[in-house]
Amino acid sequence: MCLGIPSKIISIDGDAAIVSVGGTEVEASLQLLNDVKVGDFVLLHTGFAIEKISDAEAKETLEILKKLSYINDDTDEAQKKQ
Amino acid sequence: MEYIDEFRNAELVKMLVGKISSMATKDVALMEVCGGHTWAIQKSGIPSLMPREVRLLSGPGCPVCVTGRKYIDQAVAYSRIKDVIITTFGDLIRVPGSTSSLNLEKSKGADIRIVYSILDALKIARENPSKKVIFLGIGFEATATSSAAGMLNACKENLRNFYLFSSHKIMPPAMEALIDEGIKINGYIAPGHVSAVTGSHIYDRFPEKYNVGCVISGFEPTDILQTIYMLLKQIREEKYRVEIQYKRVVRPEGNLKAKEIIEEVFSLRDDWWRGLGVLKNSGLGLCNKYASFDAEKMIAVEVEKTIEEKGCICGEILKGLKKPNECKLFGKACTPSNPVGSCMVSHEGACAAYYNFGR
């Protein structure tokens with residue numbers, strides 16, 4: 001029930017949309033969102049798109065992870081203690 | 001970007017596991033309170049990657065697991081009424097009630113249909129105007145939103161044969177009850193999709209009142225590992241706060257439209273949770289305005305006396321006090337194909353996830 005699936009909007013008809021879930025097309029309600037368009041990714045949850053997925057934030061998270069590998073937590077901690 | 005594989009990258013996983021090991025300097029217990037996290041953590045083998053200082057606990061986050069037998073018994077009673085169609089999410093159907101289950105009633109001829117969404121239940125109501133169609137609404141804020149949206153549609157269409165039997169709940173009171181009960185929790189891995197609806201401020205009281213940090217997490221392996229790392233960093237620095245790891249989906253203010261719909265349709269009421277008992281203002285019942293769609297108010301039914309399961313320790317498992325394999329029924333009398341307790345029924349339940357992936 002907590003399952004949410006990233007899905008791409010294929011077409012929109014009022015509050016109803018066809019979205020692609022890894023290639024499979026299913027119906028979804030856009031009732032809970034404003035300002036979505038064809039091509040956007042949304043999070044599909046029990047038949048409803050509950051939120052738009054932010055591409056910029058997804059990239060930012062991956063950037064943070066890449067940078068994280070260069071940070072030495074022990075050194076940071078040691079420096080703070082000095 | 002498809003927002004899945006990028007967050008399953010093996011190199012990032014290795015790096016994060018290393019970071020977690022160096023950040024873990026004292027024994028801590030981190031709890032997730034979302035069935036999706038329970039499943040994802042076991043499926044990706046994350047417990048086996050943790051240093052011995054980090055203990056991962058599964059909390060009361062699986063909707064089916066926290067729902068009481070009384071609710072199942074009442075749903076069973078509804079299913080026995082002539083001209084009633086029960087519509088339900090698939091995992092609820094196998095939950096044992098006091099003397100029956102929806103599955104058993106279905107095998108005896110009751111009209112019980114598994115749906116993916118309340119929208120499917122509305123369709124069944126439209127197609128069967130002479131029947132009463134009851135949707136079993138369980139789940140937390142995210143699922144409650146879809147039920148609320150469904151109710152708005154039923155009201156708009158004046159679908160007079162559609163009813164909701166709500167057992168929807170909200171998460172923060174349960175998270176608070178666990179801490180108040182004295183259960184040692186050093187940080188919460190906060191639910192991603194609940195928070196997509198509510199935003200992050202529903203957790204503000206945890207760092208402020210209890211010095212317990214909350215990090216709202218996504219569901220892929222690097223999401224969960226990054227969340228654990230963020231919580232360990234808060235603990236090491238003794239700076240507890242609410243943070244969002246799952247920023248691609250969750251905004252601090254949440255989904256305002258969804259929040260409005262929930263407030264329009266539901267009002268808070270006291271509710272019973274397996275393992276925790278009755279928690280004040282933790283359940284969502286339909287507002288008076290929607291009373292004519294409320295199964296509890298509109299469809300009179302006699303419900304059998306609740307008989308609790310014997311020997312099952314689901315209640316303690318849901319509080320993180322015991323692991324599934326500490327139950328004497330686990331894997332013997334209680335398996336996913338023959339569940340005794342609710343935690344073995346849903347794939348999101350701690351026992352089922354541990355049975356399938358964690359052993």
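Residues numbered from 1 in each chain as written. Chains lettered and ligands numbered in written order. Predicted model: local features only at pLDDT ≥ 70, side-chain atom pairs only at ≥ 80, totals over all residues.

J.: I'm lost on the overall build of chain B in this one. Help?
T.: When you go through chain B residue by residue, the secondary structure sums to 16 helices and 11 strands. Taking 359 residues into account, the globule formula puts the C-alpha radius of gyration at 21 Å, and chain B, at 20 Å, falls close to it. Taken along the three principal axes of its C-alpha coordinates, chain B extends 65 × 45 × 40 Å. Looking at chain B residue by residue over its 359 residues, the buried ones come to 56%. A separation of at least 24 residues holds for 77% of the contacts in chain B among residues at least 6 apart in sequence. (Helix = DSSP H or I, 4+ residues; strand = E, 2+ residues; numbered from the N terminus. Rg over C-alpha atoms; globule rule 2.2 N^0.38 Å. Buried ≥ 20, exposed ≤ 12 C-beta atoms within 10 Å, placed from the backbone. Contact = placed C-beta atoms within 7 Å.)

J.: Explanation requested: the interface of chain A and chain B in the structure shown.
T.: Reports of interface size often rely on the accessible area that becomes lost once the parts have come together. With 31 residues of chain A at the interface, the matching set in chain B holds 37 residues. Of all elements in the fold, only strand 4 (41-45), strand 5 (48-52), helix 1 (55-68) and helix 2 (73-81) of chain A reach the threshold of two or more residues within the side of chain A that touches chain B. Among the elements that make up the side of chain A that touches chain B, the one with the highest residue count is helix 1 of chain A (8 residues). Classifying every residue of the side of chain A that touches chain B gives 15 nonpolar, 10 polar and 6 charged. (Nonpolar A, V, L, I, M, F, W, Y, C, P; charged D, E, K, R; others polar.)

J.: Explain the sheet that holds strand 8 (residues 213-216) of chain B here, please?
T.: Strands pair in a sheet through their backbones, by hydrogen bonds, and they do so in one of two ways: parallel or antiparallel. Residue and element names in this part refer to chain B. Pairing is parallel across the open sheet formed by 5 strands, whose spatial order is 2-1-7-8-9. Every other strand in the sheet has two partners, leaving strand 2 (54-58) and strand 9 (242-244) as the edge strands with one partner each. Going from strand to strand, the sheet's axes swing by 20° on average, the running direction of each strand aside. Contacting strand 1 (28-32), strand 2 and strand 7 (187-190), helix 2 (residues 35-43) crosses the sheet at an angle of about 120° to strand 1. (Pairing = 2+ DSSP bridges. Axes fitted to C-alpha atoms, helices over the stretch in contact; angles between N-to-C directions.)

J.: Just to check I follow, could you spell out helix 2 of chain B for this structure?
T.: Because each turn of an α-helix spans 3.6 residues, side chains separated by three or four positions end up pointing in the same direction. Residue and element names in this part refer to chain B. A large share of helix 2 lies buried, amounting to 8 of its 9 residues. Every buried residue of helix 2 is accounted for by G35, G36, H37, T38, W39, A40, I41 and Q42. Count one or two residues on from helix 2 and you reach G45, which has phi positive near 70°.

J.: What am I meant to see in the packing of helix 1 (residues 10-23) of chain B against helix 12 (residues 221-237) of chain B here?
T.: When two helices pack together, their arrangement is given by the angle between the helix axes and the distance between those axes. Residue and element names in this part refer to chain B. One can describe the packing of helix 1 onto helix 12 by two numbers: an axis separation of 9 Å at closest approach and a directional angle of 20°. By the angle between their directions, the pair helix 1 and helix 12 is classed as roughly parallel. Classified by chirality, the crossing of helix 12 by helix 1 is left-handed. Contacts between helix 1 and helix 12 pair L12, V13, L16, V17, K19, I20 and M23 from the former with P221, T222, L225, Q226, I228, Y229, L232, K233 and R236 from the latter. Residues belonging to the contact of helix 1 with helix 12 are distributed by class as follows: 11 nonpolar, 2 polar and 3 charged. (Parallel < 35°, antiparallel > 145°, perpendicular 65-115°, else oblique. Left-handed = near helix turned anticlockwise from the far one by under 90°.)

J.: How do you make sense of the pairing of strand 4 (residues 111-114) of chain B when you look at a structure like this?
T.: Regular strands show a simple pattern: their side chains alternate between the two faces of the sheet. All names here are of chain B. Across 4 bridges, strand 3 (residues 84-88) lies against strand 4 in parallel orientation. Looking across to strand 4, one finds that I85 is bridged to D111. Between strand 3 and its parallel partner strand 4, the chain crosses via helix 6 (residues 102-107), and the hand of that crossover is right-handed. (Right-handed = clockwise from strand over helix to strand, strands pointing away.)

J.: Would you mind going over the nonpolar core with me for this structure?
T.: Note on soluble globular proteins: their nonpolar side chains tend to be buried together. Of all hydrophobic cores here, the largest spans 137 residues; its most connected members are A49 of chain A together with I134, Y188 and C343 of chain B. Looking at which element gives the most residues to this core, the answer is helix 12 of chain B, with 8 residues. Domain assignment of the residues forming this core places at least three in each of domain 1 (5-32 + 46-63 + 183-244) and domain 2 (66-170 + 254-298) of chain B. If near-sequence neighbours (up to four positions away) are discounted, C343 of chain B is found in contact with C62, C65, C314, I317, L318, G349, A350, C351 and A352 of chain B. (Core = buried A, V, L, I, M, F, W, Y, C linked by C-beta atoms within 7 Å. Domains from an automatic or database assignment.)

J.: Even after reading the chapter, I still don't get the packing of helix 2 of chain B against helix 16 (residues 350-358) of chain B, so can you show me in this structure?
T.: Residues and elements named next belong to chain B. One can describe the packing of helix 2 onto helix 16 by two numbers: an axis separation of 9 Å at closest approach and a directional angle of 15°. Classified by the interaxial angle, the pair formed by helix 2 and helix 16 is roughly parallel. The handedness of the crossing between helix 2 and helix 16 comes out as right-handed. On helix 16, the residues that touch T38, W39, Q42 and K43 of helix 2 are A350, A353, Y354, F357 and G358. Broken down by class, the residue content of the contact of helix 2 with helix 16 amounts to 5 nonpolar, 3 polar and 1 charged.

J.: What exactly am I supposed to notice about the confidence of the model for chain A here?
T.: When pLDDT is low, close inspection of the predicted coordinates is not appropriate. Here chain A averages 88 in pLDDT, while 87% of its residues score no lower than 70. Residue range residues 78-82 of chain A is modelled with pLDDT below 50. Its contacts to residues more than four positions away, or to other chains, number 0 contacts. (pLDDT = per-residue confidence, 0-100.)

J.: I'm lost on the sheet that holds strand 6 (residues 162-166) of chain B in this one. Help?
T.: Residue and element names in this part refer to chain B. Across the sheet, which stays open at both edges, the 4 strands sit in the order 4-3-5-6 with parallel pairing between neighbours. Across the chains shown, the open sheet's two edge strands, defined by having one partner strand only, are strand 4 and strand 6. On average, each strand axis in the sheet is tilted by 25° relative to the strand beside it, whichever way the strands run. Strands strand 3, strand 4, strand 5 (132-137) and strand 6 of the sheet are contacted by helix 5 (residues 69-79), whose axis makes an angle of about 140° with strand 3. The strands touched by helix 7 (residues 118-127) within the sheet are strand 3, strand 4, strand 5 and strand 6, with strand 5 carrying the most contacts at an inclination of about 170°.

J.: What is the right way to read the environment of G137 of chain B from this model?
T.: All names here are of chain B. If you trace the backbone, G137 turns up in strand 5. Looking at G137, the number of C-beta atoms within 10 Å reads 27, which means it is buried. In this structure, the C-alpha to C-alpha distance between G137 and T87, residues 50 residues apart in sequence, is 9.3 Å. Apart from the residues within four sequence positions on either side, G137 is in contact with S147, L164, F165, S166, S167 and H168.

J.: Could you clarify how one ought to interpret the pairing of strand 11 (residues 277-286) of chain B in this entry?
T.: Residue and element names in this part refer to chain B. Pairing between strand 10 (residues 266-273) and strand 11: 7 bridges, direction antiparallel. Within strand 11, the position partnered with F266 by the bridge is L286. Hairpin remark: strand 10 followed by strand 11, antiparallel, with 3 residues in the connecting loop; positive phi at G275, about 90°.

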